[in-house]
Every structure is written in C-alpha cells, then in structure tokens.
Amino acid sequence: MSLCVAEAIHVTDQTRKQLEAIERQHSPPQRLVRRVRIILQGAAGVDVRQSAAHLGLSRSTVQRWRARWRATDGQPLHERLADAPRSGAPATFTAQQVCSLIALACEPPSAYNLVQTHWTQAALAHVAVQEGL
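Residues numbered from 1 in each chain as written. Predicted model: local features only at pLDDT ≥ 70, side-chain atom pairs only at ≥ 80, totals over all residues. Heavy atoms only, no water.

J.: Sorry, what's going on with the overall build of the chain here?
T.: Counting its regular elements, the chain contains seven helices and zero strands. Listing each helix as α and each strand as β along the chain from the N terminus yields α-α-α-α-α-α-α. In terms of C-alpha radius of gyration, the chain reaches 24 Å, well past the compact-globule figure of 14 Å for 133 residues. Based on the C-alpha atoms only, the size of the chain along its principal axes is roughly 75 × 30 × 30 Å. As displayed, the chain has an accessible area near 9700 Å², and 53% of this comes from carbon and sulfur atoms. Between the mean site of the 15 positive side-chain charges and the mean site of the 10 negative ones, the chain shows a separation of 10 Å. (Helix = DSSP H or I, 4+ residues; strand = E, 2+ residues; numbered from the N terminus. Rg over C-alpha atoms; globule rule 2.2 N^0.38 Å. Areas by Shrake-Rupley, 256 points an atom, 1.4 Å probe, with all protein chains shown as cover. Lys, Arg positive; Asp, Glu negative; His and termini not counted. Charge placed at Lys NZ, Arg CZ, Asp CG, Glu CD.)

J.: Honestly, the packing of helix H6 (residues 95–106) against helix H7 (residues 121–131) in this entry has me stumped. Any pointers?
T.: Describing two packed helices takes the angle between their axes plus the distance from one axis to the other. For the pair H6 and H7, interaxial distance at closest approach is 11 Å and the crossing angle is 120°. Comparing their axes, H7 and H6 come out oblique. As for how H6 packs across H7, the hand of that crossing is right-handed. Note on element contacts: H7 touches H6 through Leu 124, Val 127 and Ala 128, opposite Leu 101, Leu 104 and Ala 105. Here the residues of the contact of H6 with H7 sort into six nonpolar, no polar and no charged. (Axes fitted to C-alpha atoms, helices over the stretch in contact; angles between N-to-C directions. Parallel < 35°, antiparallel > 145°, perpendicular 65-115°, else oblique. Left-handed = near helix turned anticlockwise from the far one by under 90°. Contact = heavy atoms within 4.5 Å. Nonpolar A, V, L, I, M, F, W, Y, C, P; charged D, E, K, R; others polar.)

J.: Explanation requested: the environment of Thr 15 in the structure shown.
T.: Looking at the secondary structure, you find Thr 15 in helix H1 (residues 13–24). Linking Thr 15 and Pro 76, residues 61 residues apart in sequence, is a C-alpha distance of 9.9 Å.

J.: What should I look at first to understand the packing of aromatic side chains in this one?
T.: Where two aromatic rings form a pair, the distance of their centres and the angle of their planes describe that pair. A complete count under the given rule lists one aromatic pair for this structure. With a centroid separation of 6.0 Å and 55° between ring planes, the pair formed by Tyr 112 and Trp 119 is classed as tilted. For Tyr 112, a relative accessible area of 28% puts it in the partly exposed group. In this structure Trp 119 comes out as buried when scored by relative accessible area, which is 19%. Across the ring face of Trp 65, the terminal group of Arg 68 is positioned such that the distance to the ring centre comes to 4.1 Å. The ring of Trp 69 has Arg 80 lying over it, and the distance from NZ or CZ to the ring centre is 3.7 Å. (Phe/Tyr/Trp six-rings, centres within 6.5 Å; stacked < 30°, edge-to-face > 60°. Buried < 20%, exposed > 50% of the residue type's maximum accessible area, 1.4 Å probe, protein only. Lys NZ or Arg CZ within 6 Å of the ring centre and 35° of its normal.)

J.: Please clarify how helix H2 (residues 30–43) should be interpreted in this entry.
T.: Residues spaced three or four apart along an α-helix point in a common direction, a consequence of the helix completing one turn every 3.6 residues. With 14 residues, H2 should reach 20 Å at 1.5 Å per residue; the first-to-last C-alpha distance of 20 Å fits that figure. Downstream of H2 by a residue or two, Gly 45 has a phi angle that is positive, lying close to 90°. (Expected span 1.5 Å × (residues − 1).)

J.: Which parts of the structure should I look at to understand the packing of H1 against H2?
T.: The geometry of H1 relative to H2 is characterised by a closest axis approach of 9 Å and an angle of 140° between their N-to-C directions. Regarding the angle of H1 to H2, the classification is oblique. Considering how the two elements wind past one another, H1 and H2 form a crossing that is left-handed. Residues Arg 16, Leu 19, Glu 20, Ile 22 and Glu 23 of H1 form the contact with H2, whose own contacting residues are Leu 32, Val 33, Val 36, Arg 37, Ile 39, Leu 40 and Ala 43. Across the contact of H1 with H2, the residue classes break down as eight nonpolar, no polar and four charged.

Pasting the structure below:
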C-alpha cells in the first residue's frame, strides 16, 4: 500500500521570517500559532501525519490549513492565516450604525433633553430612532 504524499508548501525567506516572528511573540492567539507551526512544518518537508502527531492535531486540520495556504497564495499573510468566513445570518447593523450608536452612548442623556443621568437601553434606542441612526 502506497502512502499519499502531501503537496509541498512553498514559503519565501521573507514569509518564513514573518511566520517565525509570529511564533516567537509573547501573546499571539494560540490558534494563530498553531496555523503558523503547521505551515512551517510543511515548508520544512514534514509530512502530514508527523506534523499532526507533533502538534497534537488531527490530520484533517493539518491538511485543511496546508490546502488553504496553497489556495491563498499571493494574499497578505494575515489573510492567509485568518479564519474563513462562516455562514449565518447577515449582520443586523452596519459598521456605520454601530459607530453612531457608540458615539450617541458617549454623550450625556441631558444633551437630548432627558432627565436621567445614565443611558438605559430603552432610552438609547428611543433617541437613536429619533435621530435616524
């Protein structure tokens, strides 16, 4: 029975330095470090089974990230290592609406002729609707 050989991972010297810098950082998210290690091991020629065993991950995880790395060639490094978009309901509010609500909440309620000293959810929603946010 022959073993399937994984496709090689190609990493430029500059990209390798960036990946190693991420791996050495003191507080990056662990999922990011895991992904970096998967790519670095693939670039070093470590096969999928060995990489999965060494990192304590499933083979499918290692294969998935190696495939994603190859598929996103030419994109910025942070995008190549980022989570893929997930399915689900679309956002309820736009980014501009969120910023407007935060700005409104930073204003004192008295600026909107309210006698209370702090915002309540109901009062904030009422003023937001009045202001057309």
